[in-house]
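Residue-level structure breakdown
Spelled out, the chains give:
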Amino acid sequence: MKKRKYYFLVIFLLVISLIILISCQSTEFEHEVINMDELIVSPDFTFSTNRLVTINLTSLNVEQENEPSVYFRLYKQNPDVYDADIILSALTNADGEYEKAIPIPSYYREIYLKTSDGLPAQELSIGITGADEGVIEESFVYNPLHIPTGTARDGLRDFTPVYGTYGVFDFTLYNVVNNCNGTTSITIKVQNNDSHELSYVACGLPSGVVPSEPDDGVTYYGVIGTYTVENPTNNPFYSIKFETMSNGPNNGEEDTFIYIIPTNFVLAMISMEIYAKAGGNTGQFMFPFAWLGGDCTYNEYYDGTLAWEDYWPFEGDYDINDLIIDYHTVRIGTASGTFVRDSTKFTFRASGASYTNGFAFQFPEHITVDGGITTYNSDVNAYVEADNRTIILTDNIRNIDSSIPETGFINTDPIDPYITPVTFTVTIPIAESSSSDDYPWLFPPYNPFIFTNYNRNLEIHLPDYPPTDLADVSLFGTGDDISDPDDPNEDGAYGVGLWYRTANYLPWAFHIAETCDYPIEKAQITSAFLHFAEWAISDGEDYQDWYSNTSSGYRDDDYIYDVP
């Protein structure tokens, strides 16, 4: 009897545990999916996954004074920890200031700044000033004589150290960093293997060149020792000399010496002579020298995913995979911030379409093509139209490479064979006039669109992005589209017209601010990304990371295409 009661109790507890487990799982994963036909959003909602952040930076020296012309880079993550995506590289101006508005993914609350002095990356907090706007107001210290510690090397750019040995000394030409203001920092390391302390180190200079830092007569603090600077000296040859005041390295210890000279002289150098003395021992080494100048480019970097429904002006099935294209654009400019070229790498990832889709984009009015367009790595033959702003990349995306099937779905149905995505690069020389206010197509990917079945006039753009002059305006307001170009009072999210919207103000095209996954065939975006609807209904305030977050409850992986 006791055993029977015991067994009953065990079975009872197991049943209760199973019910609790099922209940917990249901609570964790159960989510009410909103059908796209039932989703109604505000006409003011942009569907933007970016925030326009105004960046105000001030570069300072170690005395907390404004330091002009400091080169820096901004990253999405901490570059000291991660292989982080870069946002831009630029210079502060003659007053040590920099101001620029750039789009950043809306859910970001900080980005990171890195300079060429080897100091740790600085976190920059984003202040939220509006639904789609933010601001960064920060200063940062630049110290070109900062000595790196540990295994980290100073500088944003790569330089391969060069080594040499003479007698009791090991010499290293450790780093050469272009400061992007007409000067270059040179870092030398000297290891003294003698028992006597290092007496001095002399670094040879081009004839007549006087380093701008460190100044003559100042005290220089190394990692180990303290030194008096002779800048310049002719003893033992024309050089900058670091003479030990106290704690010179010995018995295998190493110290670091940094000085700054004009960049044009560094570029012309073919050798560099180093001399060291400790007790009665001396060492001298001539480094062969060749340096190309490093990187001082003014660049901006943009990337993301574009996704379309191609059934316009009729609603599609909202699996948003009729065309999936990633882009990575580098805007290449001069030190003054004038852009001269755009280079974009496009990756054709998927097509769940029965239509033939062409792919194009249009520059804003103040940007025009200024020369020949160059394409790489595909059969793409991109060209510019008569407006000198609209770039036709292809009239059939399947023709960009022979590996792409002419018919059938591509990477949207898990039962079909996987097709390796095709990447091609397009480089376009550009000319810019005065700045434009037509945000957001002021920034890459500008005003992208597709056109179907070789009909150039049937354009499908992002929500409230304007059509080109070649679009067939008779299609607006037909089918499920409520665009009305004849009503000047009908403004969309950007105040320039209500374009490419359904009666529920839903779009046919989506721009995601980062490379992201997409739904499988016939699975609505709301079924795959479980917080997309809440994000849209809240005008983008809630769940701003709906597309990137893989935490439990954010997505249903059964409805997301998984690359084999």
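Read across the open sheet, the 4 strands follow the order E4-E1-E8-E7; overall the sheet is mixed. Because the sheet does not close on itself, it has two edges, and the strands there are strand E4 (97–105) and strand E7 (127–130). Recorded for the sheet is a direction-independent mean angle of 25 degrees between the axes of neighbouring strands. Note: strand E1 (residues 50–60) against E4, 9 bridges, orientation antiparallel. Pairing of Arg51 across the sheet is with Ile104, part of E4.

On inspection of all chains with the given rule, the structure shows 1 disulfide. Disulfide pairing places Cys180 opposite Cys296 at an S-S distance of 2.1 Å. Because the sign of the S-S torsion sets the handedness, a value of about -90 degrees for the bond joining Cys180 and Cys296 places this disulfide among the left-handed ones. Of this pair, Cys180 sits in the loop between strand E10 (169–178) and strand E11 (183–192) while Cys296 sits in the loop between strand E18 (281–288) and strand E19 (298–308); the two residues are 116 residues apart in sequence, bridging distant segments of the chain.

It is worth spelling out the nonpolar core at this point. Leu57, Phe72, Leu74, Ile111, Phe346, Phe359 and Phe363 are the most contacted members of the largest nonpolar core, which has 65 residues in total. In this structure, Ile188, Val209, Met269 and Phe289 belong to the second largest nonpolar core, which totals 34 residues.

Turning our eyes to something else, we now look at the side chain of Asp545. Locating Asp545 in the fold gives a position in the segment after helix H4 (532–537). Here Asp545 is buried and forms no salt bridge, its nearest opposite-charge partner Arg109 lying at an N-O distance of 8.9 Å. A distance of 3.4 Å separates a polar atom in the side chain of Asp545 from a polar atom in the side chain of Tyr554. When near neighbours in sequence (up to four residues on either side) are disregarded, Asp545 contacts Tyr107 and Tyr554.

Calculation rules
- Residues numbered from 1 in each chain as written.
- Predicted model: local features only at pLDDT ≥ 70, side-chain atom pairs only at ≥ 80, totals over all residues.
- Heavy atoms only, no water.
- Pairing = 2+ DSSP bridges.
- Helix = DSSP H or I, 4+ residues; strand = E, 2+ residues; numbered from the N terminus.
- Axes fitted to C-alpha atoms, helices over the stretch in contact; angles between N-to-C directions.
- Disulfide = S-S within 2.5 Å.
- Core = buried A, V, L, I, M, F, W, Y, C linked by side-chain atoms within 4.5 Å.
- Buried < 20%, exposed > 50% of the residue type's maximum accessible area, 1.4 Å probe, protein only.
- Lys, Arg positive; Asp, Glu negative; His and termini not counted.
- Salt bridge = Lys/Arg side-chain N within 4 Å of Asp/Glu carboxyl O.
- Polar contact = N/O pair within 3.5 Å; in protein donor to acceptor, adjacent residues only side chain to side chain.
- Contact = heavy atoms within 4.5 Å.

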